[in-house]
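The primary structure of each chain is shown beneath.
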There are 2 protein chains.
Amino acid sequence: MSNIPQPGRNHESAIDRLVSLLSRLPGIGKKSAGRMVYYILDGDPAYARLLAGELEMLHQAIRRCSVCGSFTEADPCPVCADSGRDHSLICVVERPQDVRIIEESREFRGVFHVLGGLIAPLDGIGPDKLRIGDLLSRVRRGGIRELILAFNPTVEGDTTALYLQKLLKDLEVEVSRLASGLPVGGDLEYTDKLTLSRSFRGRIKL
Amino acid sequence: MSNIPQPGRNHESAIDRLVSLLSRLPGIGKKSAGRMVYYILDGDPAYARLLAGELEMLHQAIRRCSVCGSFTEADPCPVCADSGRDHSLICVVERPQDVRIIEESREFRGVFHVLGGLIAPLDGIGPDKLRIGDLLSRVRRGGIRELILAFNPTVEGDTTALYLQKLLKDLEVEVSRLASGLPVGGDLEYTDKLTLSRSFRGRIKL
């Protein structure tokens, strides 16, 4: 990176580089990234250092829970390690962030299983790419009363639910899915807590 | 920060801390911050380290230009140091990010002066808090043909333009203001380049 001013052109500065990096984040365009950088520049350097420090150690601090597959600092994760929770009830989700969303609703007192995706043949994601084998092992090990499938109500969510339902039908476990109430085609992440709470209570046995 | 899992409560993890830090940024709520953190976690650790590195050195790398007051790595900034630009034409702006926005439009070939705010008596911002003295010195040093006031078309922008107009009326300098075309009550930052370009050409002599 050259520090020589380039007449007649914008030079690539530390600001440009940070704007460019930040605008890779989901939902962040060049203008939002610019506003973020100038906010940071206008503010206390301690904030920038704190943010840098957390980013620097993020991947080292966070691993996958060997039981449920969600992101965690300790293995097993605090949810899996919590004897006060109902370990006979597993909520099966697509992504680690779904665990966070459901935990924030404080509606669910069981444990989780993160599939790491949904079956999407057009995107080349088959059942073999998901943590379905681990889920079967957990069920076969016994003591599991019910699996609640908490997928987004999309084609991929429906396909994955159907696939799991067939796979599990000979095993001694109930399989249910979150009730609709989630708007079809929508995203779990943008559901308000009340709607999420209702969809837990009204879950439909498959 | 305790690493002991707290039954029945969300523990404060590296993820929570980063979400909390990111949600301080302008326009970023808890949900957007959450999406950003999971995007980073899902991605290449090299990206997180790159971002951390840029944030870590941002305040060290960037200073204020001693001439125009905008953010820069070299002092004077590449714009002020560029002999190919018209140094008799100064565009006066509120904030350093306005320099970036105007530079990106490639409409303006003069130099800049950052006031560091606008006069806003209700917020306790008087002329003494702005870089108005520096601006007067630049004009008195001579060789300045015109000042273009590129403030947002808001009450504060109008007040500041009026104040500068009175202050400068005995000096040998033309004072103009960006033409409307900018929607009244709007923000320079969200103006498209074409509108910005037109407002430069149609600027009104005060």
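For the structure, check the block above.
Nothing here was measured: the structure is a model prediction, and the numbers come from that model.

This part is about the relation of the copies chain A and chain B. A rotation about an axis combined with a shift along that same axis relates the two copies of the chain. Rotating chain A by 180 degrees and translating it 0.0 Å along the rotation axis places it on chain B, where the RMSD comes to 0.0 Å. The two molecules are tied by a two-fold rotation axis, judged by turn and shift. Relative to the rotation axis, the C-alpha of A:Ala52 is the closest in chain A, positioned 2.0 Å from it.

This part covers the side chain of B:Glu73. For B:Glu73, the position within the fold is in the loop between β2 (71–72) and α4 (78–81). Despite its burial, B:Glu73 remains without a salt bridge, the nearest opposite charge being carried by A:Arg17 at 4.4 Å. Polar side-chain contacts of B:Glu73 include one of 2.3 Å to the backbone nitrogen of A:Ala14.

Another point: the packing of aromatic side chains. All names here are of chain B. In this structure the tally under the stated criterion is six aromatic pairs over all chains. With centroids separated by 6.3 Å and ring planes inclined at 90 degrees, the aromatic side chains of Tyr 39 and Tyr 47 adopt a geometry described as edge-to-face. Owing to a relative accessible area of 36%, Tyr 39 belongs among the partly exposed residues under this scheme. For Tyr 47, a relative accessible area of 9% gives the class buried.

The next subject is the sheet that holds strand β6 (residues 174–177) of chain A. Residue and element names in this part refer to chain A. Spatially, five strands are ordered β4-β3-β5-β6-β7 in an open sheet, and the strand pairing comes out mixed. Bordering the open sheet on either side are β4 (110–114) and β7 (204–205), each of which pairs with just one other strand. Here strand β5 (residues 146–149) pairs with β6 via four bridges, running parallel. Bridging from a neighbouring strand, Leu 147 pairs with Val 175 of β6.

Rules and cut-offs
- Residues numbered from 1 in each chain as written.
- Chains lettered and ligands numbered in written order.
- Predicted model: local features only at pLDDT ≥ 70, side-chain atom pairs only at ≥ 80, totals over all residues.
- Heavy atoms only, no water.
- Least-squares fit on C-alpha atoms with pLDDT ≥ 70 in both.
- Helix = DSSP H or I, 4+ residues; strand = E, 2+ residues; numbered from the N terminus.
- Buried < 20%, exposed > 50% of the residue type's maximum accessible area, 1.4 Å probe, protein only.
- Lys, Arg positive; Asp, Glu negative; His and termini not counted.
- Salt bridge = Lys/Arg side-chain N within 4 Å of Asp/Glu carboxyl O.
- Polar contact = N/O pair within 3.5 Å; in protein donor to acceptor, adjacent residues only side chain to side chain.
- Phe/Tyr/Trp six-rings, centres within 6.5 Å; stacked < 30°, edge-to-face > 60°.
- Pairing = 2+ DSSP bridges.

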